[in-house]
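# Structural characterization, general
Given next are the chains, with one letter for each unit.
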Amino acid sequence: MAELTRRNSKQRQIILDAVRAVKSHPTAEDIYHIVRQQVPNISLGTVYRNLNLLAQMGEIQKLELGCENDRFDRTCGPHAHLICSQCGKVMDLAPEIQNGAEQLVANSCKAVVTQVMVTAYGLCEQCLKGKE
């Protein structure tokens, strides 16, 4: 049993390293393909379980953005995202957007705001260039 725990910890670390190495907001399937290069016999289910556990532990952030698949983010603190409605790419937005939204909500509600999730939808720069 100790061997299984040690193996899972090693797999979990490899999965965490993969999320942290990717500058995008990968899906579990993206991470699975990266991790399989180091651990060929890892299952997609193991990757999903470990990603969810890492998110619960606060090591990564799970983004449930209403997209087809959940995405995972190496940045854990609150921050705003843009989702391209054409290619599905998820991008971080400038911190001022998140901070401004939190302040705007707090001011408009006359309440203490504990969290605001800002998600914008539109076309990314690459998709815009493709339309020109």
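Up top is the structure.
Notes on the structure in this doc start here. (Residues numbered from 1 in each chain as written. Predicted model: local features only at pLDDT ≥ 70, side-chain atom pairs only at ≥ 80, totals over all residues. Heavy atoms only, no water.)

### Brief notes about the pattern of salt bridges
Overall, the coordinates contain 3 salt bridges when judged by the stated rule. Residue K62 is joined to D70 by a salt bridge in which the shortest nitrogen-to-oxygen separation is 3.4 Å. Overall, the relative accessible area of 29% leaves K62 in the partly exposed class. Residue D70 is classed as partly exposed on the basis of its relative accessible area, which comes to 31%. Residues K129 and E125 are paired through a salt bridge, measuring 3.7 Å at the closest nitrogen-oxygen approach. With K129 and E125 both in helix α5 (residues 125–131) and 4 residues apart, the pair spans about one turn of that helix. For the pair formed by K129 and E125, the shared burial category is exposed. (Salt bridge = Lys/Arg side-chain N within 4 Å of Asp/Glu carboxyl O. Buried < 20%, exposed > 50% of the residue type's maximum accessible area, 1.4 Å probe, protein only. Helix = DSSP H or I, 4+ residues; strand = E, 2+ residues; numbered from the N terminus.)

### Digging into the nonpolar core
Counting residues in each nonpolar core, the largest one holds 17 residues, and the members touching the most others are I15, I31, V35, I42, V47, L51 and I60. Sorting elements by how many residues they give to this core places helix α1 (residues 2–21) first, with 5 residues. Ignoring anything within four residues of it in the chain, the contact list for I15 reads I31, V35, I42, T46, V47, N50, L51 and L54. (Core = buried A, V, L, I, M, F, W, Y, C linked by side-chain atoms within 4.5 Å. Contact = heavy atoms within 4.5 Å.)

### Observations concerning the environment of A94
One can find A94 in the loop between β4 (90–92) and α4 (95–109). It is 33 Å that separates the C-alpha atoms of A94 and R36, two residues lying 58 residues apart in sequence.

### So, the packing of helix α2 (residues 28–35) against helix α3 (residues 44–56)
At their nearest, the axes of α2 and α3 sit 9 Å apart, and the two run at 115 degrees to each other. Judged by the twist between their axes, the crossing of α2 over α3 is right-handed. Along its contact with α2, which presents A28, E29, I31 and Y32, the element α3 presents L44, V47, Y48 and L51. Class assignment for the residues of the contact of α2 with α3 results in 7 nonpolar, no polar and 1 charged. (Axes fitted to C-alpha atoms, helices over the stretch in contact; angles between N-to-C directions. Left-handed = near helix turned anticlockwise from the far one by under 90°. Nonpolar A, V, L, I, M, F, W, Y, C, P; charged D, E, K, R; others polar.)

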